[in-house]
Amino acid sequence: MGGPATEPASVLRGFAALLAVPAGVALQLQQRELLDAASYLLLALLGAIAGLAALRRHRVDVLALAALALLGFASTGWRATQRLAEPLDAAIEGRDLRLTGIVASLPQHGPNGVRFRFEVEHATAAGEPVAVPRRVALGWYSGFHEDATLLQPQRELRAGQRWTFNARLRRPHGQLNPHGFDFELLLFEQGVRATGYVRDAPAQGVEQTLAYPVERLRQRVRDAVGARVADPRAAGVLAALSVGDQGAIEREDWELFRATGLAHLMVISGVHITMFGWLAAALIGLLWRRSRRAMHGLPAPQAARWGGLLIATAYAVFAGWGVPAQRTVWMLATVVLLRSLGLRWPWPLVLALAALVVTLADPWALLQPGFWLSFAAVGLLMASEPVRDEAAAQAALHGTLAQRAGAVLRGGLRTQIVAMLGLAPLTLIFFQQVSAVGFVANLVAIPLVTLVITPLALAGSLLPPLWTLAAAVLQPFSVVLQWLAALPLSVWFVPVVLGWAQAAALLAGTLAVMPLPWRWRLLAVPLALPLLATPPERPPAGHYELLAVDVGQGTAVLVRTRNHLLVYDAGPQYARDSDAGRRVLLPLLRARGERRIDRLVLSHRDTDHVGGARALLAALPVAATSSSLPPEHPLVAASPAHQPCAAGQTWVWDGVRFEFLHPLEGEGEPTARPNTRSCVLRVAAADRPATLLAGDIEREQELRLAGRHGEALRAGVLLAPHHGSRTSSTALFLDAVQPQVAVVQAGYRNRFGHPAEEVVARYRAIGTTVVGSPACGAWHWQSDTGGKGSCQRETGRRYWHSSLADAASGR
């Protein structure tokens, strides 16, 4: 049997038809707000009518493509309305609730406690039943955490257990920064409509149910790995490869895998599942051919394909059925179905059909880098396949052992070269970094991880000593990776560039691997240059750019002149192993093309201001540091050219004047409250409103500043002192500053109540616009254009994001 006609025109029409639905889906994913469900159903009806009209003409034309795209748009929109149909009532956000339900996921343990999904069966507030989303994400923390200091679980949480918790919930809300991770999208994709934390669990029995049998099995295997393997880092990697628990991998190991380009191997995705399915298919085919009865019932190739798919699906389910695993299973199922039907479609149509199936199963997969990297890798490998003569093909299949081994080696090298050259532009566009040692690391790691370590990790579930053997293999492998990561320029970074430069780089990657004459392939070099060498956009001389980063409950502000960067505070420490420097600031700085920090200002020693400083100092060159930290503080010793900030210190960068206004030199004792010694920095461009970064100063310091400087204190932009606390923003101080905009950096529904309602009212009474990071996300302002600035939550809004009104209600 054949398939569609293989003439170029027919292939092109089929390709367009198959991708019309994903194109409609992609358009819907750009919506800022959803229509109502009835409107999407009406659009779907119109698309179906138009599609039937096109079908009667038996041709693929503009009407047919438009109908398919409309169906993709409408179906995705309707599904989105259903996902958002179960919001948490704002009236019970932050209230004490009693939740009864079942632990619905593999609990993720960390230094501060445990995180898990919870399927709510019953909820009450003050003894009265309340409606909450059925699926919520909870944390049960101990010790330091940004949400609260809470009790550690008295007994271990296990998947399938029924618990009753006293907890607090809030609507999904995450930090929103330019080019940053979209936490709200992640929760939306997972169907989680509320997050929260456990305050305590009443003293009553915990019931083990039969629910979530796969999750219960995964937890037993993970616990067995931890008990068998003495090295916790090796145990974490083996747990990730066997049951898909990526949270078990230590932070240092994740950084090592990213630096060497191996992070994709530590996530159960296409490489693992495809290889596992291929091995299973080969074994099933071998065994099937040994049975005449089986061969009469079903041909061996058919049995091998469907058996391999079944085993690959079982592995994906056992590994947690994550989005990358689902995507791979749908791709494999598409190919197996086509082959089983005897269809021999051209590879572009096979790839397009697989993309259609994946998009129908999960429309929001189009927003994931893994979707594009997976399809790009397969497409480039197929398109770059050289034409081999019959003799070479026969030698690869039936030649001597040396000939077959040589063919396998050449195939592996070709695959890595295609991946390195063809996918490097896409990797840089998505992540702004690529591993320069990834080619060598993957040559070793792909066969070792997929053919040795992963099979041993899985087989250990039946024969636990194999886990010990797998850990023994991991140890020298880790040593090699550490050596590669330590090489100079092991990781290359590029800033985010404009769309035309991204398109040129993608074309460059394609040309570089296609079997074309070298004169055409060399065009890849000039086409890639805009991505690699375009200088980031900078303010004109004499002006500056301000970015108040959304770091949650803490402070971090970037001040950019033409040739210099100042970072004012480094955000909070979220947990023992997580801080704003590593999680937010470093990715943001690299996306902006910042290769060094000219001055790091740490206003005072509170952890919500210096929590990310150590990560910045370790990752980027820092020319100078100013702070009010006491001399014995560890960050002072770690900071280059450290100087205590003091009133009167001034400098000029590119025509922009910087001046510290507080503290006075020698003012206050080192043992005084840190807030009182905050470094207050004034930034001014000629003939433009100034910016005043006020740290956490309080009433007494504000009055002294107003008394010393009077009208000279005026500024168009004010970083609200102490996050809008009642201790600050006094009327006399505000009368002296007269800000047009007050920026409040605070966490959504933070436990301090920042900003205080009376403080917000005080600002508004003098005509000041109050910008809070929960409602705004990152706030961007430029001195040369002035105005009120722009909010990332507005400029980058999508329908799954919290609305400005919802976020503002949580202050």
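Residues numbered from 1 in each chain as written. Predicted model: local features only at pLDDT ≥ 70, side-chain atom pairs only at ≥ 80, totals over all residues. Heavy atoms only, no water.

Caption draft 1: Representation of the overall build of the protein chain in the model. The helix and strand inventory of the protein chain stands at 30 helices and 27 strands. Against the 2.2 N^0.38 benchmark of 28 Å for 811 residues, the protein chain shows a C-alpha radius of gyration of 29 Å, consistent with a compact globule. Based on the C-alpha atoms only, the size of the protein chain along its principal axes is roughly 95 × 70 × 60 Å. Split into buried and exposed, the 811 residues of the protein chain put 49% on the buried side. Looking at the protein chain alone, contacts between residues at least 24 apart form 69% of all its contacts between residues at least 6 apart. For the protein chain, the accessible area works out to roughly 36,600 Å², and carbon and sulfur atoms hold 62% of it. For the protein chain, the distance from the average site of its 75 positive side-chain charges to the average site of its 59 negative ones is 9 Å. (Helix = DSSP H or I, 4+ residues; strand = E, 2+ residues; numbered from the N terminus. Rg over C-alpha atoms; globule rule 2.2 N^0.38 Å. Buried < 20%, exposed > 50% of the residue type's maximum accessible area, 1.4 Å probe, protein only. Contact = heavy atoms within 4.5 Å. Areas by Shrake-Rupley, 256 points an atom, 1.4 Å probe, with all protein chains shown as cover. Lys, Arg positive; Asp, Glu negative; His and termini not counted. Charge placed at Lys NZ, Arg CZ, Asp CG, Glu CD.)

Caption draft 2: Quick look at the nonpolar core. By size, the foremost hydrophobic cluster in this structure holds 41 residues, and its most contacted members are Leu238 and Met266. The set of elements that each furnish at least two residues to this core consists of α5 (213-228), α6 (232-243), α7 (251-259), α10 (300-318), α11 (323-340), α16 (438-459) and α17 (465-485). In this structure, Leu238 is in contact with Val225, Val229, Ile453, Ala457, Trp467, Ala470, Ala471 and Leu474, ignoring residues within four places of it in sequence. In this structure, Ala556, Leu602, Ala613 and Leu620 belong to the second largest nonpolar core, which totals 29 residues. (Core = buried A, V, L, I, M, F, W, Y, C linked by side-chain atoms within 4.5 Å.)

Caption draft 3: Structural context of the pairing of strand β3 (residues 113-125). Taken together, the six bridges between strand β1 (residues 97-103) and β3 define a ladder with antiparallel strand orientation. For Thr100, the partnering residue across the bridge sits in β3 and is His122. Summarising the sheet, strand β2 (residues 108-110) and β3 pair through three bridges and their orientation is antiparallel. Of the residues in β3, the one forming a bridge with His109 is Val114. Between the antiparallel neighbours β2 and β3 lie two residues. For β3 and strand β5 (residues 135-141), the ladder comprises seven bridges, and the chain directions are antiparallel. (Pairing = 2+ DSSP bridges.)

Caption draft 4: Region of interest: unusual backbone geometry. For the bond from His662 to Pro663, the omega torsion is 0 degrees, close enough to zero to count as cis. The residue Pro663 is located in the loop between β20 (656-662) and β21 (680-685) in this model. Cis rather than trans, the peptide bond between His754 and Pro755 has omega equal to -10 degrees. Mapped onto the elements of the fold, Pro755 is located in the loop between β24 (741-744) and α27 (757-765). One non-glycine residue, Ala641, lies in the positive phi region at around 45 degrees. Summarising the element assignment, Ala641 is placed in the loop between α24 (634-638) and β18 (642-644). Even without being glycine, Arg749 reaches a positive phi, approximately 50 degrees. With respect to the secondary-structure elements, Arg749 resides in the loop between β24 and α27.

Caption draft 5: Broad picture of the sheet that holds strand β25 (residues 769-772). Strand order in the open sheet made by the seven strands is β19-β20-β21-β22-β23-β24-β25, with mixed pairing throughout. Each end of this open sheet is capped by a strand with a single partner; those strands are β19 (650-653) and β25. Strand-to-strand twist across the sheet, computed as the mean angle between neighbouring axes with direction ignored, equals 20 degrees. Pairing analysis gives four bridges linking β24 to β25, with the strands arranged parallel. Each bridged residue has a counterpart across the sheet, and for Val744 the counterpart in β25 is Gly772. (Axes fitted to C-alpha atoms, helices over the stretch in contact; angles between N-to-C directions.)

Caption draft 6: Broad picture of the side chain of Thr334. Mapped onto the elements of the fold, Thr334 is located in helix α11. Exposure remark for Thr334: the relative accessible area of 6% places this residue in the buried category. Thr334 has contacts with Leu353, Ala354 and Val357, leaving out every residue within four places of it along the chain.

Caption draft 7: Main features of the packing of aromatic side chains. For the structure shown, the criterion picks out 21 aromatic pairs. For the pair Trp651 and Phe660, a centre-to-centre distance of 5.6 Å together with 55 degrees between the ring planes defines the contact as tilted. Given the relative accessible area of 12%, Trp651 is considered buried. Site record: aromatic cluster; members linked through ring pairs are Phe116, Phe118, Trp140, Trp163 and Phe165. (Phe/Tyr/Trp six-rings, centres within 6.5 Å; stacked < 30°, edge-to-face > 60°.)

Caption draft 8: Main features of the pattern of salt bridges. Counted according to the given criterion, the structure contains 27 salt bridges. Of the charged contacts, one joins Glu33 and Arg797 as a salt bridge, the two residues approaching to 2.8 Å between their closest N and O atoms. In this pair, Glu33 sits in the loop between α1 (8-28) and α2 (37-56) while Arg797 sits in the loop between α29 (792-795) and α30 (804-809), placing the two residues 764 residues apart along the sequence. By relative accessible area, which is 47% here, Glu33 ends up partly exposed. Owing to a relative accessible area of 6%, Arg797 belongs among the buried residues under this scheme. (Salt bridge = Lys/Arg side-chain N within 4 Å of Asp/Glu carboxyl O.)

Caption draft 9: The arrangement of a nonpolar patch on the surface in detail. Side chains of Leu409, Leu413, Ile417, Met420, Leu421, Leu443 and Val444 sit close together on the surface and give an oily, nonpolar patch of about 550 Å² of accessible area. Only α15 (401-431) and α16 provide two or more residues apiece to the nonpolar patch. When residues of the nonpolar patch are assigned to their parent elements, the largest contribution, five residues, is made by α15. Position of Met420 relative to the elements: it lies in helix α15. (Patch = residues over 30% accessible without salt bridge, like charges linked within 9 Å, V, L, I, M, F, W, Y side chains within 5 Å.)

Caption draft 10: Main features of the side chain of Asn166. Tracing the backbone shows Asn166 in strand β6 (residues 161-170). Classification of Asn166 as buried rests on a relative accessible area of 19%. In terms of polar contacts, Asn166 uses its side chain to reach the side chain of Asp200, at 2.8 Å. Here Asn166 is in contact with Leu97, Arg98, Tyr197, Val198, Arg199, Asp200 and Pro202, once residues within four sequence places are set aside. (Polar contact = N/O pair within 3.5 Å; in protein donor to acceptor, adjacent residues only side chain to side chain.)

Caption draft 11: Spotlight on the state of the cysteines. Summed over the entire model, instances satisfying the criterion amount to two disulfides. Covalent S-S linkage joins Cys645 and Cys679, the inter-sulfur distance amounting to 1.9 Å. Between Cys645 and Cys679 the disulfide shows an S-S torsion of about -75 degrees. By sign, it is left-handed. Of this pair, Cys645 sits in the loop between β18 and β19 while Cys679 sits in the loop between β20 and β21, placing them 34 residues apart in sequence. Each member of the pair Cys645 and Cys679 is classed as buried. Between the sulfur atoms of Cys776 and its disulfide partner Cys791 the distance amounts to 2.1 Å. (Disulfide = S-S within 2.5 Å.)

Caption draft 12: Layout of the environment of Arg583. Among the structural elements, Arg583 can be located in helix α21 (residues 580-591). Put simply, Arg583 and Ala294 are 289 residues apart on the chain and 55 Å apart in space, counted from C-alpha to C-alpha.

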